[in-house]
Amino acid sequence: MPTDTPTPAPDPTPVPTVKPTATPTVAPTEKPTATPTVKPTVKPTATPTVKPTVKPTATPTVKPTVKPTATPTVKPTVTPTVAPTVTPTVTPTVTPAPVKSPILKVGKYSLYLGMTLAQVNEVMVVGTVDEGLSPQGNQSYVYNPGGDYSCLIEVQIRDGKVVEMSTISKNFSYGDILTSGDSFSTLTSNGFRSMSTYQYTIYSQTTDDAYVNVMTDKQRDRKAYGVQIFDKGLGSMDSLLYPKNCTYSDAVNKYQARLSALYLNAYRAYHGIESLLNLGDNATAQSHSEYMAKVNSDVMDEGSESWKDRFNDAYGDPLCKSEYVSYGSPDAFSAVTYAISEQGSATNFYKYILMEEVTNKNEDTFYIPDDYELYISCGFANTTSGSKLTFTAFDFYGL
């Protein structure tokens, strides 16, 4: 398009009364009816599409100070409408799922209610050490990362989501309301209250989405060492912690027996003992639990056979031996924490659960695991009659 006004020839036929103010912005749509008498000095760049109807009335008095540009000053982007002003300092690798429930941290592992099993496995990295069905009717998965029981975690899944989490560890916390090692006074100030209706005393708090039950070692340091968290959507706490409201089978019971041994080792790790209890064959302990369920009594002897004879026959006359029996616990976690709560430091249970050496009748001392190995075998059984309902046996023996 011409940038200067064309110079008219000396003898134009029609003389405009006013010089045009600007070149038309829209080309005429029709061919002009008159042939110009003067050849333009500059070749037009386009044919006007619209013929002007009125002659300009004034000549521009001021030349534009800025020449319009055809190219935009900012190149448009394809996706974003606005270019980011700050570059993120860290590139996210995974889009985190929204977290509504507080985090249970055990060591470096963080879990929460509502996670999927795939998310749990991604966090834990290692595979499970055992799996089974819980008495509450959920699929249960147990993890022992590192193999040292310092971060033993059980999660239960229902409808594809985590609905239960439990651990015994000196390295756990739950949101901002609980940390392992918390004292009674700290628990109370954080909203927990004492409850003695579930076979033994626990400290409990009901949050927006969960029942949080804390286990304290009242016989010794009186501090929190374990926690079990249930999703409130499962029902009332009574429906979860009373055996009469739980569902048992041979498979469920034997899984609780195996799980009991794992939790006992976790309590040993809580006290910083590196040598672990070897997991023995549970057949004898399981058989005795079933015997107790049959007679509906928590006894150690089976008729005329004493528990010591039973141990010698089953475990090969062990160097040291002790058996602990109880009743009324809904699951493995409760059976173990009940024993810890009710057994004083002078009892055989506490002596064996933390044993690192043993002295025989000749005053010879043997050390674990250099001189002998300490084993644990567990049993769990139920009955539908009476009030005791479940029976547990923990067999300790050294070989």
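Residues numbered from 1 in each chain as written. Predicted model: local features only at pLDDT ≥ 70, side-chain atom pairs only at ≥ 80, totals over all residues. Heavy atoms only, no water.

Across the sheet, 4 strands lie side by side as β2-β1-β7-β8; this open sheet has antiparallel pairing. The sheet is open, and its two edges are formed by β2 (109-111) and β8 (178-179), each paired on a single side. Two elements, strand β1 (residues 104-106) and β2, share 3 bridges in a ladder whose sense is antiparallel. Directly across from Lys105, in β2, lies its bridge partner Ser110. (Pairing = 2+ DSSP bridges. Helix = DSSP H or I, 4+ residues; strand = E, 2+ residues; numbered from the N terminus.)

Here we take up the packing of aromatic side chains. Summed over the entire model, instances satisfying the criterion amount to 15 aromatic pairs. For the ring pair Tyr352 and Phe396, a centre distance of 6.0 Å and an interplane angle of 45° mean the geometry is tilted. Within this pair, whereas Tyr352 is found in helix α8 (residues 348-353), its partner Phe396 is found in strand β18 (residues 390-398), the two being separated by 44 residues in sequence. Note on accessibility: Tyr352 and Phe396 belong to one class, buried. Every member of this aromatic cluster is reached through a ring pair, and the members are Trp307, Phe311, Tyr315, Tyr375 and Tyr397. Positioned above the aromatic ring of Tyr242 is the side chain of Lys244, whose terminal nitrogen or guanidinium carbon lies 5.6 Å from the ring centre. Over the ring of Tyr327 we find Lys388, and its NZ or CZ is 4.7 Å from the ring centre. (Phe/Tyr/Trp six-rings, centres within 6.5 Å; stacked < 30°, edge-to-face > 60°. Buried < 20%, exposed > 50% of the residue type's maximum accessible area, 1.4 Å probe, protein only. Lys NZ or Arg CZ within 6 Å of the ring centre and 35° of its normal.)

Our next topic: the sheet that holds β18. If you trace the 4 strands from one edge of the open sheet to the other, you get β13-β17-β18-β14, paired in mixed fashion. Among the strands making up the open sheet, the edge pair consists of β13 (278-279) and β14 (320-327). Pairing between β13 and strand β17 (residues 374-382): 2 bridges, direction parallel. If you follow Asn278 over to β17, its bridge partner there is Tyr375. Together, β14, β17 and β18 form the strand contacts of helix α6 (residues 307-315), whose direction differs from that of β14 by roughly 120°. (Contact = heavy atoms within 4.5 Å. Axes fitted to C-alpha atoms, helices over the stretch in contact; angles between N-to-C directions.)

This brings us to the pairing of strand β3 (residues 130-133). By the alternation rule, side chains of β3 split into Asp130 and Gly132, which are all buried, and Glu131 and Leu133, of which none is buried. Taking the residues that link successive antiparallel strands as the turn, the β3-strand β4 (residues 139-143) hairpin has 5 residues, and the phi of Gly137 there is positive, at about 90°.

Relative to the helices and strands, Gln228 resides in strand β12 (residues 224-231). Residue classification places Gln228 among the buried residues on the basis of a relative accessible area of 2%. Here the side chain of Gln228 touches Glu164 through a polar contact of 3.2 Å, side chain to side chain. Polar side-chain contacts of Gln228 include one of 3.4 Å to the side chain of Asp331. Beyond its immediate stretch of four places on either side in the chain, Gln228 contacts Glu164, Met165, Ser166, Tyr211, Val212, Asn213, Leu241, Asp331, Phe333 and Ser334. (Polar contact = N/O pair within 3.5 Å; in protein donor to acceptor, adjacent residues only side chain to side chain.)

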